[in-house]
Amino acid sequence: MFQGFTDETISFMWGIRFNNRRDWFLEHKPIYERELYQPMKELAADVQERLLEGHKNLELNVKVTRIYRDARRVKYGGLYKDHLWFTLRPPVENWTCFPCFYFEARPEGYGYGMGYWRVTPTMMEQYRRRILREPEKLEKLARRLNRQKVFALEGDEYKRSKGEVSPLLQPWFNRKNVGLHAEKEYEENSPFFGPELVDEVAQGFEWLLPYYEYFKALELEPPIE
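No experiment lies behind these values; they were computed from the predicted model shown.

So, how was this worked out
- Sequence order as written defines residue numbering, which begins from 1 separately in each chain.
- Predicted model: local features are reported for residues with pLDDT of at least 70 only, side-chain atom pairs are reported and counted for 80 or more only, and whole-chain, interface and lining totals are derived from all residues.
- With hydrogens and water stripped out, all remaining heavy atoms of the structure feed into the side-chain values.
- When DSSP finds two or more bridges between a pair of strands, those strands are recorded as paired.
- Secondary structure counts use DSSP, requiring at least four H or I residues in a row for a helix and at least two E residues in a row for a strand, with both numbered from the N terminus.
- What counts as an axis is a line fitted to C-alpha atoms, over the stretch in contact for a helix, and the angles between N-to-C directions run from 0 to 180 degrees.
- When a carboxyl oxygen of Asp or Glu lies within 4 Å of a side-chain nitrogen of Lys or Arg, that pair is called a salt bridge.
- The buried label applies to any residue whose accessible area, calculated with a 1.4 Å probe on protein chains only, is under 20% of its type's maximum; exposed applies above 50%, and partly exposed to all values in between.

Trainee: Whenever I open this one, the sheet that holds strand 6 (residues 178-185) confuses me. Can you help?
Mentor: Think of a sheet as strands paired side by side through backbone hydrogen bonds, with each pair either parallel or antiparallel. The six strands are arranged 1-2-3-4-6-5 in an open sheet whose pairing can be described as antiparallel. Where the open sheet ends on each side, the last strands, each with one partner, are strand 1 (61-64) and strand 5 (152-154). Pairwise comparison of adjacent strand axes, ignoring direction, gives a mean angle of 20° for this sheet. With eight bridges joining them, strand 4 (residues 109-116) and strand 6 adopt antiparallel strand pairing. Looking at the pairing, Y112 lines up with A182 of strand 6.

Trainee: Would you mind going over the pattern of salt bridges with me for this structure?
Mentor: Oppositely charged side chains may form a pair once their charged atoms are brought near each other. Applying the stated criterion to the full structure yields 16 salt bridges. Across the pair R106 and E104 runs a salt bridge, and its minimum N-O distance is 3.3 Å. For the pair R106 and E104, a shared accessibility class is recorded, and that class is buried. Put simply, K216 and E219 hold a salt bridge, and the shortest N to O gap is 3.3 Å. Assessed through its relative accessible area of 26%, K216 is described here as partly exposed. For E219, a relative accessible area of 44% translates into the label partly exposed. The network of salt bridges with shared partners includes R130, R133, E134 and K137.

Here it is as structure tokens:
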């Protein structure tokens, strides 16, 4: 059961950022496992359980990343990541075709949200076709997002316009990928340091469910010839 991260969690992430070497990591590996990796696994399991309690038909698997950087990316960022995250994603082999929920801890702060990130241009073209065919569905979600201050729309944008839609939908339409992200700082009474973080993240994911369902439904779109 998740009890909270600690000041040591943050200190370790700063430490690995500025000491991204095998000898430093091995010396501090017990701190990594105790203060970062194990609590992250507990947080992921508790958030998954909390979310599925109220949504029995929702299928989401937990994936907690490890600190070891992919060998193909070592030359760009060192041997180890200076941040850690977990995802809740559909239990399918090619999960990158679907949206997922995520939580991430970094040296500067933590964040969580829903991402439709690792998608192909074809998938985003299907997304734009749905917007043009049924703009009212995304307009409802866009207005809902604009009425709150926790989550912000993110994603890479094309330099050239992909088409004309209403001003409300334009920020959504011209994206290469889409994410809704909440960014938090480490404050003295931050939920990051206690079990109440489970409530914050689970409630955030539940608020994002209509957006998750919208993007997940894109799998039913007719293929582009």
